[in-house]
Amino acid sequence: MKNKYSIFSLIKNAFSYHENWQKAWNDPQPKKEYDAVIVGGGGHGLATAYYLAKKHNMKNIAVVEKGWIGGGNTGRNTTIIRSNYLWDASAGLYDHALKIWEGLSQELNYNVMFSQRGVMNLAHNLQDVRDLKRRTHANRLNGIDAVYLSTEEVKKFCPIINTSPDIRYPVLGGTLQRRAGTARHDAVAWGYARGADEMGVDIIQNCEVKGIKRNGDSVEGIETTKGFIKTKKVGVVAAGHSSVIANMAGIRLPLESKPLQALVSEPVKPIIDTVVMSNAVHAYVSQSDKGELVIGAGTDDYVSYSQKGSHQIVEGTLNAILELYPIFSRMRMLRQWGGIVDICPDASPILSKTSVKGLYFNCGWGTGGFKATPGSGDLFAHTIANDEPHKLNAAFNLNRFVSGDLVDEHGAAAVAH
Amino acid sequence: MSQNLRVKSSNFIDETSRISFKFNGKTYYGFKGDTLASALLANDIHLVGRSFKYHRPRGIMTSGSEEPNAIVQVGNDKAITEPNVRATEVEIYNGLEAKSQNCWPSVNFDIGGINNFLSPLLPAGFYYKTFMWPASFWEKYEIAIRHSAGLGRSPTKPDTDIYEHRYIHCDVLVIGAGISGIMAAKTATKNNLNTLLLDEKNELGGMTIYQNSEKFKIDNKISSEWLNDEIEELNKLDNLEIKTRTSVAAYHGYNYLLARENLTDHLSKDEKENKVRQRLLKIRAKKVIVATGSLERPLVFNNNDRPGIMLSSAVKKYADYYGVICGKNNIFFTNNDTAYESAISLLKKGINVHCIIDIRENSNSSIVKEAQDLGLKIYWSHTIVDTHGYKRLKQISIMELSKDGQSFANSNKIVLDCDCLGMSGGWTPAVHLFTQSGGKLKFREKDQVFIPNKYQSEQVSIGSCNGDFELDEIIKNSSDILKDFLKIEKTGFDNINVETSKETSKKNIWLLPSDKIVGKTKPFVDYQNDATAKDIKLALREGFRSIEHVKRYTTTGMGTDQGKLGNMHALGIIADTTGVKMGEVGTTTFRPPYTPLTFGTIVGRNVGEYFDIFRRTPMNDWHINNNAEFENVGQWKRAWYYPRGNETMYEAVQRESKATRESAGILDASTLGKIDIQGSDASEFLNRVYTNAWSKLGIGKCRYGLMLNEDGMVYDDGVTTRLGENHYIMTTTTGGAANVMGKLEDYLQTEWPELDVYLTSVTDHFATATIGGPNSKKILNKLIPDLDLSDENFPHMSFKEEKIGKINCRIMRISFTGELSYEINIQASYGKSLWEQCMDAGKEFNITPYGTETMHLLRAEKGFIIVGQDTDGTMTPIDLQMDWVVSKKKYDFIGKRSLYRSDTMREDRKQMVGLLTNDPNTVLEEGAQIISELNQTPVKMLGHVTSSYFSPNLGKSIALAVVKGGKNMMGKKLFIPMEDKTINVTVVDPIFLDKENKKLNA
Amino acid sequence: MFLINCPYCGERDQSEFKAGGEAHIERPKQPTELSDDEWAEYLFMRKNIKGIQFERWNHAHGCRKWFNMIRDTSNDEIKLIYKMGEKPPKG
């Protein structure tokens, strides 16, 4: 049993100068065989392992990670969490996740700092207004706490937004989901890793998958830089690198991996107390507990695995930020970085079995995967354990690209992040 | 306070020009040339700020952009105040106001300082382990955490300054104007290469420019004199552009670099007036020479953060360059020769240096000898184990190190008085830009530095950023590298005589031992974020192995200085603790920008009205003069409605639409996309891009076309007219024009290059006035009396090329309202004139200008869709009940195959229908959801209302909607569940008015 | 920021171009003959290669011509640019 984290354990350990804290997770060598192997030690992969162990009693499992856990998009995103999606399938999926977020710190005994400071989406033209109202109605009927705000209400909720009617893209209104917010991204990966490790899951870092071994239509194991690992079930949660793994298994995915950039400002005292997103002018901003403005930029339009994007994307984003928040002109960009996001044609994820028995993919989250982390892990674990999707992820199968039953979140002008 | 801490030896400070400034509300004086840091030090002020977590008193540590501690809020004007400015980078000017940050009520007495006493409870990552109970309290804890975090304060009013961009293309970009940068710039320029030289400081010459030691000579001159001469020569060269106060922020691929040129921050308020504050240089260089120098390392020991503890090179620079004495009782602490240079420089100015504490056993380099000859006491093999003094360093305790450097030779502790400690842990090459560009580093064991190894683009690193620290090596190696890189025979520096003091002994201990257990010490690694060596050790103990994990868990290197000082120590401590070789630990990624970059600079002029262009039609002035309200559609400003007097939008739209149906209305349709299509395969091309057939369309006829995406979903629509055998003009939606053009070009160039078709976007070439209504024919007749407007000569869906006055125009008899209607296209420059002529001619018929809102209402009455409003990228033409426009005979068109997939053929897809409310006065909300049964959970939503209006012509509310299986629901009662009520509706045909199209031919 | 050598205009900044995804996916000549699976393969499935990728680019804010590019997606190094309709080099 691991140390339980609390103020009391902190005080107790202070007396021994914090020399006696246990490892949050171990650093094992891979065993020869597992009941299931999760490829990818990001938030989604670690959550999948956690729920496989916790809810499906699969303890002889491993997570293999090419680099260090939480080092991909988990540690590179702008941490927005919300569930105000338009389509029923998406709303079901993301609200399932949001409900888990609400108790996650306590469940993991790890403070993931889920901060329900609300997420506002802004409308800048009449079609935005129609779309946001449509979404708000759908959210309400799906039991999601979204409300539509007038321009004045937007201003009241976030006074620093420039709501002058004379700006280039005036704010015509917005929506607010109060239960939405942000969380501490690293903590999510670390908390799940600690929880999974405690239940016996092997978390194997610096272990890159080099091949998927198949016997006919079934999975037999994976080749890694730490040797062959035998297993009948492989759950791939490799985000931007999903296609690379799929190619190893000889299957094709409808994905493109593109650069997505984000940036933070230098830290300042509290100035914006919510998350504001604007699709039309493409600006997303919140403020971290540390005081940095956290700003999400857009994706580039080309495939790249270099974790670098083009400057024009950052410039465009900051143009939009200053349009909405002219007071931020003298704030300074402290750090800027890129991630690789795997994007589906319908901007919805894939949580699905494949044509290969025992091979499952959890990918295609595009720019918005972080918010789904707990729900995604839970539902993917269900799918792997039962070899059948849960009803909440049934719509996110691979066959939809053949049959045409897409869950088209961008076509429907729902916001991406 | 008097300037009692100045020495009269500086060439860089203008002591005749006294400057007054305020710090924390009190007025001080400095000289022209001072930074805020040097001026404060001259006034004996070390305590400048408080640290992020423990609120420990902190002073000025460095003299450059790597400063972690001395960061201040500059200015108190709400619009132009600036947080987190490094005092070491602020050039003082009259009227400068600065204050300490992150402290309350003052930097001298800061309540937050209590955190320092709570620090045993606040180890790395403590917040992950607590604040979880009770669950609902996190938000309350968070408020407290947020208020104690953050550093300075954001402005609260819009910035009044101007920023701009400049593009520069050059043959050679040299970054850094220290000795090697000067050599590079001169060499490149003399070889006829168009060269740009940038330096972040206000003067050229780097550290050498104030190097007055006789030990360092070039060409028999003291190195600073030699460099001065070189710079003078440089200034005479033509091919060279030099920019100071210019910091390279980012080095992207393909030698694309961003630099920030600071133009006015050093000027007083009056001098700043109306000038551009900062300029972002977007540089594309054929070759880049990185000469960014190196950063002195601090040493990591217990309580190494007190005000008065500085880098040894900073102590030297303040004395040599600014003429400022940092302490009356100076001690240096070092593991290399650098501190000796500083100590000697101070001694020669008559400044007291008590001793040097050196962790090395000994050294016989000439500079050490010189120090010894000057009588300087040296404590070999000693280390500092603790320091004393809360708000200013007062004393240090030192002990003799054991042979292995991990413990002590004996238990003797010597306490020395000291108010300024200059420390030197060696030098770290500034490889930040190199790695940003994709370069790969290698680790050099002998002096424990990462240096450039593999370059990703046409670039090279020279000087100390390339790991050359000795003067003779810098000159020789830089010269050799330049020859190779620029492919030249000689540099002019090939056979130059250099005298230098060679370092003969090296020793490095990343974490110096203390006589206390680590848990009781505070050896800071990241000063700003208060990350200590014990935090790093705790992270390792808890299983965080990767440097990235340690960095994130301890926040080392995440401050506004991005770990310029401490990152190497973090790596070293990890390597030592885990027993891994340092080169194998790897480095964290240096992310751009090198120093924080102002948002305003990145945005430049693209603010306010320049954020994005507005496109306006030729009739725009008329609309403004006639009280139009505008709607933004894409980039266009479109007239939305024309209120008269106090009319609301609703009233105006009711009036406009009634007038149009009863007599005549006029719409500015200039924004519709127009694509001119020519070529012998034009008809075949249209066959392939539209869902319906085009080959048989007669010349002079018009046809409605629907365009799909390859996935079968409706993409765009519009009327296309056949102007000639091989000539069509296509119209698109306003918002879709550019995308349609792009898509058509794509198919034409990449899939069907064999087609003889030419596309030209002519949207802006034509202005379009649409006159509609029963009297439109009479109005057109007045405009063109000779034209036979009979249905035989000019039937619906046909086109005439005519003249209005002397001006050619294209007239299409087409209708989006269901009324008899003519769309008159004229050369754009005559648009306003055309509009005015239409208004004149229509006066007797009460011709009424209407905007987009009335247009939407009128077309909804007829059940015409608007792509983007009634469709959302998930609707097929079949879903829209527009089967009539989909050719069954054509073999193929874009998107056809997708219509025959199992899910796109389903009968229960959402389909376009009309809705009537039971109460004809209730107008539905667009976007409202539709259900068939009340009190369901979960609620089964069938679709939503896409368009909804009160129709004055029908005297009732009408709506278009998409409903699952709607096609087979005619007459069915459905419900619209609103927040406060449920509205009853009936499914009807989406064509509400004149289904027989009688009006078109009225 | 790439520097792209447009085959018609010469070297231009990346901001003038738009990327158009994987190259050499020919639109089926007889779509109606394809199964739903085959059509989905054309429509949606992509190699999404990490490494040497053949792709389409358009000089959107220039000559508006489409052309092909071979690029290493792992480090964004442009290897070769050739005109639309030209055959990709072997190997």
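All of these numbers come straight from a predicted model, not from anything done at the bench.

So, on to the pairing of strand E19 (residues 359–363) of chain A. Each regular strand shows side chains that alternate between the opposite faces of the sheet. Residues and elements named next belong to chain A. Within E19, 5 of the 5 residues are buried, leaving the element largely enclosed by the surrounding structure. Alignment of strand E12 (residues 234–236) against E19, held across 3 bridges, turns out to be parallel. The residue bridging Val-236 from the neighbouring strand is Phe-361, located in E19. The pairing of strand E18 (residues 350–353) with E19 spans 4 bridges and is antiparallel. Bridge pairing in E19 links Ile-350 to Cys-363. In sequence, E18 turns back onto E19 through a hairpin of 5 residues, with Gly-358 there showing a positive phi of about 85°.

Listed as interface residues are 29 residues of chain C and, on the opposing side, 27 residues of chain B. A buried area of about 2300 Å², summed over both sides, lies between chain C and chain B, and 45% of it is on carbon and sulfur atoms. In terms of surface lost to chain B, no three residues of chain C exceed Met1(C), Arg27(C) and Arg64(C), which account for 29% of the buried area on that side. For the interface between chain C and chain B, the tally reads 6 salt bridges. In this structure, Asp892(B) and Arg27(C) form a salt bridge, with 2.7 Å as the shortest nitrogen-oxygen distance. Counting across the chain C and chain B interface gives 20 residue pairs in polar contact (both at pLDDT 80 or more). Counting only elements with at least two residues in the side of chain C that touches chain B, the list comes to helix H1 (36–43) and strand E6 (77–83) of chain C. In terms of residues, the side of chain C that touches chain B owes the most to one element, H1(C), which gives 4 residues.

What holds strands together in a sheet is hydrogen bonding between their backbones, with the strands either parallel or antiparallel. Strand order in this open sheet of 9 strands is E5(A)-E6(A)-E4(A)-E14(A)-E15(A)-E16(A)-E13(A)-E17(A)-E32(B), and the pairing throughout is mixed. Looking at strand neighbours, the two that pair on one side only are strand E5 (146–149) of chain A together with strand E32 (597–598) of chain B, the edges of this open sheet. Here 4 bridges tie strand E4 (residues 119–123) of chain A to strand E14 (residues 275–278) of chain A, and the two strands are oriented parallel to one another. Within E14(A), the residue paired with Val119(A) across the bridge is Val275(A).

Attention shifts here to the side chain of Thr733(B). Residue and element names in this part refer to chain B. Its place among the elements puts Thr-733 in the loop between strand E39 (727–732) and helix H21 (737–751). In this structure Thr-733 comes out as buried when scored by relative accessible area, which is 17%. Looking at Thr-733, its side chain comes within polar contact range of the main-chain nitrogen of Gly-736, at 3.1 Å. Excluding anything up to four places from it in sequence, Thr-733 contacts Leu-672, Gly-673, Asp-716, Asp-717 and Val-867.

All names here are of chain B. Segmenting chain B into domains produces domain 1 (1–155), domain 2 (162–294 + 429–499), domain 3 (612–895) and domain 4 (906–1001). Centre-to-centre, using C-alpha coordinates, domain 3 lies 27 Å away from domain 4. Counting residues at the interface gives 34 residues for domain 3, matched by 28 residues for domain 4. For the domain 3 and domain 4 pair, buried surface summed over both sides reaches about 2500 Å², with 49% attributable to carbon and sulfur atoms.

Our next topic: the packing of aromatic side chains. Residues and elements named next belong to chain B. A full pass over the atoms with the stated rule returns 50 aromatic pairs over all chains. Arg-58 extends its terminal NZ or CZ atom over the ring of Phe-524, reaching a point 4.7 Å from the ring centre. Sitting over the face of the ring of Trp-694, Arg-703 holds its NZ or CZ atom 5.9 Å from the ring centroid.

Right, let's get into the interface of chain A and chain B. Where interface size is given, it is often the accessible area lost as the parts come together that is meant. Contacts between chain A and chain B engage 97 residues on the former and 115 residues on the latter. Between chain A and chain B the total buried area reaches about 9600 Å² when both faces are included, carbon and sulfur atoms providing 56% of it. Area buried by chain A at its contact with chain B is led by Arg168(A), Lys269(A) and Arg330(A), which between them contribute 10% of it. The tally of links between chain A and chain B comes to 11 salt bridges. At the junction of chain A and chain B, the tally comes to 52 residue pairs in polar contact (both at pLDDT 80 or more). Counting residues per element, the side of chain A that touches chain B draws most heavily on helix H5 (residues 126–141) of chain A, at 9 residues. When the residues that make up the side of chain A that touches chain B are grouped by side-chain class, the tally is 44 nonpolar, 27 polar and 26 charged. For strand E17 (residues 332–343) of chain A and E32(B), the ladder comprises 2 bridges, and the chain directions are antiparallel. In the strand pairing of E32(B), Arg332(A) is matched with Thr598(B).

Looking at chain C as a whole, the pLDDT averages 95, with 99% of positions reaching at least 70. The ipTM assigned to the predicted complex is 0.98, against a pTM of 0.97.

Attention now goes to empty space enclosed by the protein. Unoccupied space between atoms shows up once a probe the size of one water molecule is rolled over them. All names here are of chain B. The final tally for this structure, using the stated rule, is 9 cavities of 30 Å³ or more. Within this model, the largest cavity holds a volume of roughly 190 Å³. In this structure, the largest cavity is lined by 20 residues; those nearest its centre are Asn-567, Met-568, Leu-571, Thr-587 and Phe-590. For the lining of the largest cavity, the elements supplying multiple residues, two or more each, are strand E25 (427–429), strand E27 (449–454), helix H14 (547–554) and helix H15 (567–578). The biggest single contributor to the lining of the largest cavity is H15, with 4 residues. Of the residues that constitute the lining of the largest cavity, the class distribution is 11 nonpolar, 7 polar and 2 charged. One number sums up the size of the second largest cavity: a volume of about 120 Å³. Gln-562, Asn-567, Thr-589, Phe-590 and Arg-591 are, among the 14 residues lining the second largest cavity, the residues nearest its centre.

Our next topic: helix H12 (residues 471–486) of chain B. Residues and elements named next belong to chain B. Here H12 contains 16 residues, and its C-alpha end-to-end distance of 22 Å stays within 8% of the 22 Å for a straight helix at 1.5 Å per residue. Burial in H12 covers these residues: Leu-471, Ile-474, Ile-475, Ser-478, Ser-479, Leu-482, Phe-485 and Leu-486. With its buried residues spanning 140° around the axis, H12 presents them on a single face. Every exposed residue of H12 that faces more than 90 degrees away from the buried side is listed here: Lys-476 and Asp-484. Looking one or two residues past H12, Lys-487 carries a phi angle of roughly 55°, positive in sign.

Rules used throughout
- Residues numbered from 1 in each chain as written.
- Chains lettered and ligands numbered in written order.
- Predicted model: local features only at pLDDT ≥ 70, side-chain atom pairs only at ≥ 80, totals over all residues.
- Heavy atoms only, no water.
- Buried < 20%, exposed > 50% of the residue type's maximum accessible area, 1.4 Å probe, protein only.
- Helix = DSSP H or I, 4+ residues; strand = E, 2+ residues; numbered from the N terminus.
- Pairing = 2+ DSSP bridges.
- Contact = heavy atoms within 4.5 Å.
- Buried area = accessible area lost by both parts, 1.4 Å probe.
- Salt bridge = Lys/Arg side-chain N within 4 Å of Asp/Glu carboxyl O.
- Polar contact = N/O pair within 3.5 Å; in protein donor to acceptor, adjacent residues only side chain to side chain.
- Domains from an automatic or database assignment.
- Phe/Tyr/Trp six-rings, centres within 6.5 Å; stacked < 30°, edge-to-face > 60°.
- Lys NZ or Arg CZ within 6 Å of the ring centre and 35° of its normal.
- Nonpolar A, V, L, I, M, F, W, Y, C, P; charged D, E, K, R; others polar.
- pLDDT = per-residue confidence, 0-100.
- 1 Å grid on protein atoms, 1.4 Å probe; cavity = no way out; pocket = protein on both sides within 12 Å on 5 of 7 lines; lining within 4 Å.
- Points joined across faces, edges and corners; volume = space filled by probe spheres on them.
- Expected span 1.5 Å × (residues − 1).
- Arc of directions from axis to C-beta.

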